[in-house]
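Report on the structure
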Amino acid sequence: MSSSEQAFPVHATVAQQRVLDRIAEQRERLRARRAARLQAQAQALAAVTEGDDAAASLLLRVAGFVRQHPAAVAALAGVAIATGPRRLVRWAGVVLPLVMRLRR
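Structure report, in brief.

1. What to know about the overall build of the protein chain
Scanning the protein chain from terminus to terminus reveals four helices and zero strands. Reading the secondary structure of the protein chain in the N-to-C direction produces α-α-α-α. Counting every position in the protein chain, which comprises 104 residues, the buried fraction comes to 6%. Accessible surface, the protein chain as shown: approximately 9,300 Å² in total, 63% of it carbon and sulfur.

This is the structure we're talking about:
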């Protein structure tokens, strides 16, 4: 392969270098954002698994439970589908007030 057939130029022009610099900056921002998001998720999951109820919202606790017990969640979903929506609404009317009392 001769030097005129190279896929990429050896030296970039000034305009090309500016574009390459902007791309590099954007990649660095994306890496930093991804690392921050992963760190926040790890801290939230740690708060859920440690039982720190003040720091974890209900949604985070549910997500932590689903991650820790996927078979139980699948079984519960199967039971919910088998029972039907009418019975689920009826039982939710009975169970939800009891759960709300326990949370106080």
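2. Observations concerning helix 3 (residues 70–83)
Between its first and last C-alpha, helix 3 extends 20 Å over 14 residues, near the 20 Å set by a 1.5 Å rise per residue. In terms of residue burial, helix 3 counts as a barely covered element, since only zero of its 14 residues are buried. Looking one or two residues past helix 3, Gly84 carries a phi angle of roughly 100°, positive in sign.

3. As for the layout of surface pockets
There is about 150 Å³ of room inside the largest pocket. Val62, Phe65, Val66, Ala72, Val73, Leu76 and Ala77 together form the lining of the largest pocket. Looking at the lining of the largest pocket, the elements with two or more residues in it are helix 2 (58–68) and helix 3. Counting residues per element, the lining of the largest pocket draws most heavily on helix 3, which supplies four residues.

4. Some thoughts on the pattern of salt bridges
What the rule picks out here adds up to one salt bridge. Where Arg31 meets Glu28, a salt bridge forms, and the shortest distance between an N and an O atom there is 3.5 Å. A residue pair is termed a helical-turn pair when its members lie 3 or 4 positions apart in one helix, as Arg31 and Glu28 do in helix 1 (residues 14–50) at three residues. The partly exposed category is assigned to Arg31, whose relative accessible area is 47%.

Conventions and cut-offs
- Residues numbered from 1 in each chain as written.
- Predicted model: local features only at pLDDT ≥ 70, side-chain atom pairs only at ≥ 80, totals over all residues.
- Heavy atoms only, no water.
- Helix = DSSP H or I, 4+ residues; strand = E, 2+ residues; numbered from the N terminus.
- Buried < 20%, exposed > 50% of the residue type's maximum accessible area, 1.4 Å probe, protein only.
- Areas by Shrake-Rupley, 256 points an atom, 1.4 Å probe, with all protein chains shown as cover.
- Expected span 1.5 Å × (residues − 1).
- 1 Å grid on protein atoms, 1.4 Å probe; cavity = no way out; pocket = protein on both sides within 12 Å on 5 of 7 lines; lining within 4 Å.
- Points joined across faces, edges and corners; volume = space filled by probe spheres on them.
- Salt bridge = Lys/Arg side-chain N within 4 Å of Asp/Glu carboxyl O.

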